[in-house]
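Reading the structure
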Amino acid sequence: MSATAEVRERPTGSPARPPAGARASRPRVSLRRRWRPLTLATVVVLWLALWALLKGTQTLELGGAEKTDVHLWLNSVRDSFDAARSTSGFFEYVIQPLTDGLNGLVAFLQHLVSQPSALRPVPEVGWLGVIALLAWLAFVLAGVRSMLLVAACVLLFGFFGYWQQSIDTLVVTFVAVCLCAILGPPLGIWMARSRRVSAVVSPVLDLMQTLPSFAYLAPLALVFGIGPAAAIVTTIIYSLPPLVRITEHGIRNVSPTTLEAVTSMGGTAWQTLTKVQLPMARRTIVVGINQCTMAALSMATIAALINGPGLGQPVLQALQSLDVGSAFVSGLAIVLMAIMLDRTTTAASERSSVAARVQRGSRAGGLRGPKARRLVIAAGAVITAVAIYLSHNYLALAKFPDSPDLGGPLAKAVSAATDWTVGTFSGFTGWLKDTATALLVNPLESLLAQSPWWVMALVLLGVAVALAGWRAAAATAACEAVILGTGLWNESMKTLATTLVATLLVVAAAVVVGVWMGRSRLADRIIRPVLDAFQTIPSFVYLVPALALFGPTRFTAIIAAVAYGVPIATKLVADGIRGVSPTTVEAAESMGTTSWQMVSKVQVPMSRAAVVLAANQGLLYVLSMVVVGGLVGGGGLGYLVVSGFSQGQLFGKGLAAGIAITALGIMLDRITQHAAARLGKA
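A brief report on the enclosed structure follows. (Residues numbered from 1 in each chain as written. Predicted model: local features only at pLDDT ≥ 70, side-chain atom pairs only at ≥ 80, totals over all residues. Heavy atoms only, no water.)

Once that is clear, we can look at the overall build of the protein chain. A count of helical and extended segments in the protein chain gives 28 helices and zero strands. Relative to the 2.2 N^0.38 estimate, which gives 26 Å for 682 residues, the radius of gyration of the protein chain is 28 Å and therefore close to what a compact globule would have. With the C-alpha coordinates of the protein chain rotated into their principal frame, the extents come out at 95 × 70 × 60 Å. Of the contacts formed within the protein chain by residues at least 6 apart in sequence, a portion of 80% connects residues at least 24 apart. Of the roughly 32400 Å² that the protein chain leaves accessible, carbon and sulfur atoms contribute 66%. One finds the centroid of the 51 positive side-chain charges in the protein chain at a distance of 14 Å from the centroid of its 30 negative side-chain charges. (Helix = DSSP H or I, 4+ residues; strand = E, 2+ residues; numbered from the N terminus. Rg over C-alpha atoms; globule rule 2.2 N^0.38 Å. Contact = heavy atoms within 4.5 Å. Areas by Shrake-Rupley, 256 points an atom, 1.4 Å probe, with all protein chains shown as cover. Lys, Arg positive; Asp, Glu negative; His and termini not counted. Charge placed at Lys NZ, Arg CZ, Asp CG, Glu CD.)

Here it is in C-alpha cells:
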C-alpha cells in the first residue's frame, strides 16, 4: 500500500503527521516518476540537436548491390552447407532423412488428394472424395454447420480455379498441425508440472513468437533446402508456441481442490493427468489447436518464398506482376480457408466442453443423443467411402470440372473495379499517400536513418532506460550490437521508422475504437466479430487491397501493417477499459464527471498497462507485416530478404537482413514488455 493511501488513527487535535517510512518514501517515488519523463525529454532534445549538426554523416548506408565481409562470409556459409550435404554425417544421417521424410510425406498426400500420381493422370482420391471426406470429418469434430461450411468453401476453391493449390495448402497445414499436436501438448504438460522446465522453455517460446515470420525463411532454407520440408519446419516453428502455452495454461489452471481430492484418494501422477487434468483442460487444449492451425495457415502461405506448395504461390506471382485481380481471387481463397478452419476448430472446442454433459443427460435416450449421432457418423462414413471409390474410378469425379468458372470473371471484375477506383479516387489516395509520407514517414526516417549510427544507438539506449529500465537497456545494447554486426544499420533504421509510423497509427485507432467498445456493450457486440474475422486473415492477404489502392510503395506496406495490427491491439484496449474498477467509475460519475473526463482522466490512465501491452502486440504484428511489405515496394530489410531469395549473390545480404529483423523485433519487444510491466506495478 502506498503511503498516500494509508489511513491511521490519531488522537483528536494532534497534527496529521505521516509515518517516518512514508516521509522517506514519498520523495523517492516522486523523484522516480519525474526522472523518467525528464530523461526521455533530455534524450529527445539532445538527439534533435545532434541530428541537426551531424545529419547524413556516419549513417553506415550501404548500396543495393554492395556487400560487406559478413555478407560474403554468409554466402560462403551457404556454399559450405551445400557442399556438406554430400559429405557431412550430420546432414547424411539426420537432416537429409528428415528432409526426405517430410518431402515424401507431402508428396504422398499430394498424389493422394491433389496432384496426379506417377501412374495416374489424376490423384488417387478425386475432388468428390476429398469434399466428402472433409465434410464428414467436420461433422464428426464440429457438427452440421461446420460440415456445410467446409463443403461450400472447398467447392469454391475449385470454382475459383485453385483446387490443386488449395488442397496443397491444406496438406502442408495438416502435416504441420499434426506434428505440432504431437510435440506441443506433451511439452505444455511438462511445463505445467515443472516450474524449472517452464523457466527454461518459456524464453525459447518468447523468441519464437517474437521473430517476424520472414526471419525464419532463409536459415531454414539453408538447412533443409527449398521445398515442402523447409515450409513445414518453418510453419511448425511459427505455430507451435501458442499450442504449448495454451496447453500449459489449461493444465495449470485445473482446480487445486480437485487435484487435492484425487491425491487424497491415492491417485498416481499418471492417473491425475489422464483422468482429471486432461479431461478438464480439453477445451482449452482444443483452443490451442485452433490458434496453432491459424498460425500454421498464415505461415504456410508465406512459405511460398521458399517454394512451399499451395496458395501462397499464385498470390506471390500476382503480387510480383501487380495483377490485382488474380491476387484478389487467390487471396480470397486463403480467406475462405482461414474462416473454414477457424470456425471448425472453434466449434470443435465448444463441442468438446459439452460432450460429457450431453452424454450423461442422454444415456437412456434410445436412439436420441450420442447413439443417434454415432449412427449418423457411421452412415456418413459409408457415404464418404462410396464417394472416394467413385472419385477414384471415374475421371469426371476425379478432376475438378472447368465450369462453372468463377475465378476468371471475378479476377476481371476486380481488376476493372480497381482501375475505376484508382482512376476515380487517385486524387484522394495520392494525396493521402503523399501527405502521410511527407509528414510522418520521411521526417521520422530522416531522424533515424540520417542520424550518425552512434547517436541512434545512444538514443535507443536512453529511450529503453527511460521507458523500461536497465534490463531492457541491456537487451537493447545486445540487439544493437547484432544489427551493427550485420552491416545493415541504415536499412534497419529505415525499417524501424516505417514500423513506428504504422504502430502509431495502430495505437491511435486501437485507443479510439477500443475505448468505444469498452464503454459500450452494443459497440463491442458489433465490432468484436469483425475484428475476430480480420484476425483470422493471413498477413499475405492484406497486401492485395493495399497494393490495389496505393501501388508498390512504402505507404502500401504501412497500410497493410495497420490493417493487420489493429484487431489485436483494439481488443486489448477494450478489455483494459472494461477492466477498470466499477467502483472507481461510479465514484467519478457521482462527482459529475463528463464522458470526456471519464475517458481521459479515469479509464485510459487506469488501463495504461493494457494500452502499452496493445502497443507491444500491435508493434510485433506491424513489424512482421512491414517486412512482408518488401514484396510490394516497402523497402528496408524486407526488400533485402526478398532479394536474397531471388538473387543468389545477395543470399548472404538477405540472411543478414533476417538476422537484423530478429534483433530489431527482440529489442522492440523487450522495451515494450518491460514498459508494460513497469506500468502494471505503478
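With that settled, consider the packing of aromatic side chains. Summed over the entire model, instances satisfying the criterion amount to ten aromatic pairs. Ring centres of tryptophan 420 and phenylalanine 425 lie 5.9 Å apart, and the angle between their planes is 85°; this geometry places the pair in the edge-to-face category. Residue class for phenylalanine 425 comes out partly exposed when judged on its relative accessible area of 40%. Here the aromatic cluster, defined as three or more aromatic residues joined through ring pairs, consists of Trp127, Phe159, Trp163 and Phe400. A cation over an aromatic ring shows up here: arginine 373 above the ring of phenylalanine 139, its NZ or CZ 5.0 Å from the ring centre. (Phe/Tyr/Trp six-rings, centres within 6.5 Å; stacked < 30°, edge-to-face > 60°. Buried < 20%, exposed > 50% of the residue type's maximum accessible area, 1.4 Å probe, protein only. Lys NZ or Arg CZ within 6 Å of the ring centre and 35° of its normal.)

Glancing now at the pattern of salt bridges. Applying the stated criterion across every chain, the model contains twelve salt bridges. Residues aspartate 524 and arginine 578 are paired through a salt bridge, measuring 3.4 Å at the closest nitrogen-oxygen approach. Pair noted here: aspartate 524 is in helix α21 (residues 521-535) and arginine 578 is in helix α23 (residues 554-578), with a separation of 54 residues, a long-range link. The class for aspartate 524 is buried, based on a relative accessible area of 12%. Connected via shared salt-bridge partners are Asp524, Arg528, Asp575 and Arg578. (Salt bridge = Lys/Arg side-chain N within 4 Å of Asp/Glu carboxyl O.)

Along the polypeptide, histidine 71 turns up in helix α2 (residues 69-84). With 582 residues separating them along the chain, histidine 71 and lysine 653 place their C-alpha atoms 5.0 Å apart. Those residues in contact with histidine 71, other than ones at most four positions away along the chain, are Leu62, Glu66, Thr486, Leu488, Gly652, Lys653 and Ala656.

On to the nonpolar core, then. In this structure, Phe214, Met340 and Leu631 are the most contacted members of the largest nonpolar core, which totals 161 residues. The biggest single contributor to this core is helix α28 (residues 651-681), with 13 residues. Contacts of phenylalanine 214, omitting those with residues within four sequence positions, involve Ile302, Leu305, Val627, Val628, Leu631, Gly638, Val641 and Val642. Residues Ala192, Leu273, Ala281 and Ile285 belong to the second largest nonpolar core, which totals six residues. (Core = buried A, V, L, I, M, F, W, Y, C linked by side-chain atoms within 4.5 Å.)

Take the packing of helix α18 (residues 453-468) against helix α19 (residues 470-486) next. Put simply, α18 and α19 touch, their axes get as near as 7 Å, and they point 155° apart. Here α18 is positioned roughly antiparallel relative to α19, judged by the angle of their axes. As for how α18 packs across α19, the hand of that crossing is right-handed. Counting all contacts with α18, which are made through Trp453, Met456, Ala457, Leu460, Leu461, Ala464, Val465 and Ala468, the residues of α19 involved are Trp470, Ala472, Ala473, Thr476, Ala477, Glu480 and Leu484. For the contact of α18 with α19, the residue count by class is 13 nonpolar, one polar and one charged. (Axes fitted to C-alpha atoms, helices over the stretch in contact; angles between N-to-C directions. Parallel < 35°, antiparallel > 145°, perpendicular 65-115°, else oblique. Left-handed = near helix turned anticlockwise from the far one by under 90°. Nonpolar A, V, L, I, M, F, W, Y, C, P; charged D, E, K, R; others polar.)

Here the focus is the side chain of threonine 384. Tracing the backbone shows threonine 384 in helix α15 (residues 370-393). With a relative accessible area of 6%, threonine 384 lands in the buried category. One polar contact links the side chain of threonine 384 to the main-chain carbonyl oxygen of glycine 380, over a distance of 2.8 Å. Discounting residues that sit within four places of it in the chain, threonine 384 has contacts with Ala132, Leu133 and Trp136. (Polar contact = N/O pair within 3.5 Å; in protein donor to acceptor, adjacent residues only side chain to side chain.)

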